Each structure stands twice: as structure tokens, then as C-alpha cells.
Amino acid sequence: MSKMSIKTPNSRPTLRTSTVHGLPEVLRKLGHNPSQVINDLGFDHTLFNNPDNRITLAERGALVEHCAMVSGCPHFGLLVGQKNGLDQLGIVGLLARHAPDVRTALERLIRLFHLQAQRVQIGLTVDSGRALFTYSIFEEGVAGNHQVGDGAVASQLNIMRDLCGPDFKALAAWFVRPPPNALEPYRDFLQVRLHFDAPIHGLEFSSSWLTRRLPSKDEALAQL
């Protein structure tokens, strides 16, 4: 088994707002005014104008949890995560996109993910022909972690599709949360076996995908 991970710094935990960039659009589709909902929680409605704006982990969690409550959508975080992929990871996502293969791309994401979010760790475990792309939050007492975890797994699926192409197929999705009342939104988007009450958030897939060559490799750009 090989395992890769990155430790995040002990500074005040913040993250780029790009991690929830789809939040206003999801609110709008659910019939709510994003500016009003965001302002009601004490945030400026221009928060999402720049993907490099930063908020704390607690603020991100509270915001997603509040939106889920206001919208009456218990899988709100899952919908927000569906809007994320490599493009929302900024220069870190660009570096991954120009890796020679999928494994190298994920290694780059893991090594540099602290630039995207602090006190959040992504990792890759490979064993017996299967790979598990994981996501963990290391900040205690943060609201909305179930919502955020749902979104993280949805984002992982999009990242793997960005790297491998639309034919990518996962095997299972893992969630720390207990089973939700409605499983259909999870089944419809992920189309894999679902595991709840798991020790970690993650996406499981065949390790054979890790050797896939990326179509748009530009090592000169990657070095820059």
C-alpha cells in the first residue's frame, strides 16, 4: 500500500471562496436571492466576486449550513460541490492539469492543497487494485461538516473526470455523515455504491486510472 498526504500549517485556518463558488447559483436555482441570504448571515454579497477571497473554515461551514436550512434542501452541499472541479483550484488545479499522468496530478494536488484550504487534508491510498481519494477536515467544532463533506466528494468526482475524461467510472463514495433521508440526489450524481458513517470522506476507484496519461501535458508550463 502507498499513502500520500500533506500536513497543513498551524496558522488561522482559511480557504479560498472558490471552494464554494457555486453557492450563489445553487441558491438562485432553488428560488432564493443569493445576496439576501449571504447578507443575512453577515457576509458581504461581493464575497464571491473574486475566487481568491478567503474565509475561515467555520465561516464556510456556517454559510453552507445556513443555506441548506433556508433553502430547505438537505443535500445543498452536494449541489454546491457539483459545481467544482480543477478550474476552481486555481494555479494548483492548473499544475495538476499539466501533469504527465493522473497519479502525478493527484500528487501535485495533495502536496499543494494547503494553498487552497488550511486545516484540510486530501490524500490518496492505493491497495489491492483500488484507490481511495480522501478528504478530511482538521478543525474541531465547525458547523456544516456534513454538508461540506458531501460537496467534497462531488468535487472529487469532477476532478477525476477532468483528469481522466468523461468515461471515468468510480466504484464507491464514502461519507462520514449518517445516511440522509433521501438517497436519490447522491445516487443520481455519483452513480456508485454509497457508504455512510464511514471514517473518512472519499471517492474509491480502480487504481488503473492512476496510470492514464493526460492529453494536454505541458511540462514547460508546469515548471513555470
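Look a little higher up for the structure.
Nothing here was measured: the structure is a model prediction, and the numbers come from that model.

## Brief notes about the side chain of Gln156
Then, in step 1: With respect to the helices, strands and loops of the structure, Gln156 is situated in helix H7 (residues 145-164).
Then, in step 2: A distance of 3.4 Å separates the side chain of Gln156 from the backbone oxygen of Thr134, its partner in a polar contact.
Then, in step 3: Apart from the residues within four sequence positions on either side, Gln156 is in contact with Phe133, Thr134, Tyr135, Gly202 and Leu203.

## Digging into the pattern of salt bridges
Then, in step 1: For the structure shown, the criterion picks out seven salt bridges.
Then, in step 2: Of the charged contacts, one joins Glu25 and Lys83 as a salt bridge, the two residues approaching to 3.2 Å between their closest N and O atoms. Linking Glu25 in helix H1 (residues 23-29) with Lys83 in the loop between helix H4 (76-81) and helix H5 (90-97), this pair joins segments that are 58 residues apart in sequence.
Then, in step 3: Accessibility expressed as a relative area gives 32% for Glu25, which makes it partly exposed.
Then, in step 4: Overlapping salt bridges bring together Glu25, Lys29 and Lys83 as one network.

## Observations concerning the packing of aromatic side chains
Then, in step 1: Tallying each qualifying case throughout the model produces five aromatic pairs.
Then, in step 2: A ring pair is formed by Phe168 and Trp209, whose centres lie 5.1 Å apart and whose planes are at 65 degrees; its orientation type is edge-to-face. Taken together, the residues Phe168 in the loop between H7 and strand S6 (172-174) and Trp209 in the loop between strand S8 (201-206) and helix H9 (219-223) connect sequence positions 41 residues apart. Just as Phe168 is buried, Trp209 falls in that class too.
Then, in step 3: Summarising the aromatic geometry, the rings of Phe175 and Tyr186 are spaced 5.6 Å apart at their centres and angled 85 degrees between planes, so their arrangement reads as edge-to-face. Of this pair, Phe175 sits in the loop between S6 and helix H8 (184-190) while Tyr186 is found in helix H8, placing the two residues eleven residues apart along the sequence. Like Phe175, the residue Tyr186 is buried in the burial classification.
Then, in step 4: These aromatic residues form a ring-pair network of at least three members: Phe168, Phe205 and Trp209.
Then, in step 5: Taking the ring centre of Phe189 as reference, the NZ or CZ of Arg161 above it sits at 5.6 Å.

What counts and how
Residues numbered from 1 in each chain as written. Predicted model: local features only at pLDDT ≥ 70, side-chain atom pairs only at ≥ 80, totals over all residues. Heavy atoms only, no water. Helix = DSSP H or I, 4+ residues; strand = E, 2+ residues; numbered from the N terminus. Polar contact = N/O pair within 3.5 Å; in protein donor to acceptor, adjacent residues only side chain to side chain. Contact = heavy atoms within 4.5 Å. Salt bridge = Lys/Arg side-chain N within 4 Å of Asp/Glu carboxyl O. Buried < 20%, exposed > 50% of the residue type's maximum accessible area, 1.4 Å probe, protein only. Phe/Tyr/Trp six-rings, centres within 6.5 Å; stacked < 30°, edge-to-face > 60°. Lys NZ or Arg CZ within 6 Å of the ring centre and 35° of its normal.

None of the figures reported here should be taken as evidence of function without further support.
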